[in-house]
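# Residue-level structure breakdown
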Amino acid sequence: MDKISRFIGNMIEKVMLLLMVLLVAVTFLQVLARFVFKIPISWSQEMVKTCFVWIIFMGAAIAVKERTHLTLDMLSAHLPKKLQGAVRKGVLLLMLSCAGILFYGGGRYCISSASKTMVTMPLPANVQYIAMPVSAFLMIGFLLQRIVQEGAEKKEGRER
């Protein structure tokens, strides 16, 4: 399971790198076209926005996987070890429910806007919107893996 998670994480990071290169290249091209050649590129803003949305949502999934999301542990650090584990489990369950809400809400929005297209590019608007449920699905997978891992660690700790 850890091998699959690492593979998915590496793939997400490669996609994010590609999107970041595309975002910078299109932005540079737009600035060059607008200020040097005096010919603005109409689709560039929408392309940059789409790349930015995907980078943000995929970055959120990677943050969940790598455990680098924002945490406030000032209070829980002073609790007894057993209570710290319960708080950690509660936070994971809360994160799981939030990811579920994002998945459900994002999926519904994608379905309701299926007939829309982007203004300047001949692509469905869902190209941007689907980033939310995809990211939420990845977060759910990473969170479930963490919950299973913490359960296994706790079980191993009892046996010792």
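Summary of the structure given here. These numbers were taken from a predicted model, which means no experiment stands behind them.

### A few points about the overall build of the protein
- Broken down by element type, the protein carries 5 helices and 0 strands.
- If you list the helices and strands of the protein from N to C, you get α-α-α-α-α.
- Taking 2.2 N^0.38 as the reference for a compact globule, 160 residues should give roughly 15 Å; the C-alpha atoms of the protein span a radius of gyration of 20 Å, well beyond that estimate.
- Over its C-alpha atoms, taken along the principal directions, the protein stretches across nearly 70 × 35 × 30 Å.
- Residue burial in the protein is summarised as follows: out of 160 residues, 29% are buried.
- Taking as baseline every contact in the protein between residues at least 6 positions apart, the subset at least 24 positions apart corresponds to 73%.
- Approximately 11,200 Å² of the protein is accessible, and the part contributed by carbon and sulfur atoms is 72%.

### Observations regarding the packing of aromatic side chains
- Inspection of every chain in the model, using the stated rule, returns 2 aromatic pairs.
- With 6.2 Å between their ring centres and 40 degrees between their planes, Phe-103 and Phe-137 make a pair best called tilted. In this pair, Phe-103 is assigned in helix α3 (residues 81-112) and Phe-137 in helix α5 (residues 131-159), connecting sequence segments 34 residues apart.
- Judged by its relative accessible area of 38%, Phe-103 is partly exposed.
- With relative accessibility at 54%, the residue Phe-137 sits in the exposed group.

### Let's talk about the nonpolar core
- Formed by 19 residues in total, the largest nonpolar core has its most connected members in Ile-12, Met-16, Met-58, Val-64, Leu-138, Phe-142 and Leu-143.
- Of all the secondary-structure elements, those providing two or more residues to this core are α1 (2-35), α2 (44-66), α3 and α5.
- The element contributing the most residues to this core is α2, with 7 residues.
- Excluding residues that lie within four positions of it along the chain, Met-58 makes contacts with Ile-12, Met-16, Ala-131, Val-134, Ser-135 and Leu-138.

### A word on the side chain of Thr-50
- Within the secondary structure, Thr-50 is located in helix α2.
- Beyond its immediate stretch of four places on either side in the chain, Thr-50 contacts Met-118, Val-127 and Gln-128.

### Considerations on a nonpolar patch on the surface
- On the surface, a nonpolar cluster with roughly 530 Å² of combined accessible area is contributed by Val-31, Phe-35, Val-36, Phe-37 and Ile-39.
- If you trace the backbone, Ile-39 turns up in the loop between α1 and α2.

### What to know about the state of the cysteines
- Summed over the entire model, instances satisfying the criterion amount to 0 disulfides.
- Here Cys-98 is not disulfide-linked; the sulfur of Cys-110 is the nearest cysteine sulfur, at 19 Å.

### What about the environment of Val-26?
- Looking at the element boundaries, Val-26 is found in helix α1.
- In this structure, Val-26 is in contact with Trp-43, Ser-44, Met-47 and Val-48, ignoring residues within four places of it in sequence.

### Examining the environment of Met-20
- Note on placement: Met-20 falls in helix α1.
- Sequence spacing of Met-20 and Ala-136 is 116 residues, and the spatial spacing of their C-alpha atoms is 20 Å.

### So, the layout of surface pockets
- Put simply, the largest pocket is a space of about 430 Å³.
- What lines the largest pocket is a set of 15 residues, and nearest its centre among them are Thr-71, Asp-73, Ser-76, Arg-88 and Val-91.
- A total of 6 residues in the lining of the largest pocket trace back to one element, the largest contributor, which is α3.
- When grouped by side-chain class, the residues that make up the lining of the largest pocket number 7 nonpolar, 4 polar and 4 charged.
- For the second largest pocket, the calculated volume is near 250 Å³.
- In terms of lining, the second largest pocket is formed by Lys-81, Lys-82, Gly-85, Ala-86, Arg-88, Lys-89, Glu-150, Gly-151, Glu-153 and Lys-154.
- Mapped by element, the contributors of at least two residues to the lining of the second largest pocket are α3 and α5.

Reading the values: the criteria
- Residues numbered from 1 in each chain as written.
- Predicted model: local features only at pLDDT ≥ 70, side-chain atom pairs only at ≥ 80, totals over all residues.
- Heavy atoms only, no water.
- Helix = DSSP H or I, 4+ residues; strand = E, 2+ residues; numbered from the N terminus.
- Rg over C-alpha atoms; globule rule 2.2 N^0.38 Å.
- Buried < 20%, exposed > 50% of the residue type's maximum accessible area, 1.4 Å probe, protein only.
- Contact = heavy atoms within 4.5 Å.
- Areas by Shrake-Rupley, 256 points an atom, 1.4 Å probe, with all protein chains shown as cover.
- Phe/Tyr/Trp six-rings, centres within 6.5 Å; stacked < 30°, edge-to-face > 60°.
- Core = buried A, V, L, I, M, F, W, Y, C linked by side-chain atoms within 4.5 Å.
- Patch = residues over 30% accessible without salt bridge, like charges linked within 9 Å, V, L, I, M, F, W, Y side chains within 5 Å.
- Salt bridge = Lys/Arg side-chain N within 4 Å of Asp/Glu carboxyl O.
- Disulfide = S-S within 2.5 Å.
- 1 Å grid on protein atoms, 1.4 Å probe; cavity = no way out; pocket = protein on both sides within 12 Å on 5 of 7 lines; lining within 4 Å.
- Points joined across faces, edges and corners; volume = space filled by probe spheres on them.
- Nonpolar A, V, L, I, M, F, W, Y, C, P; charged D, E, K, R; others polar.

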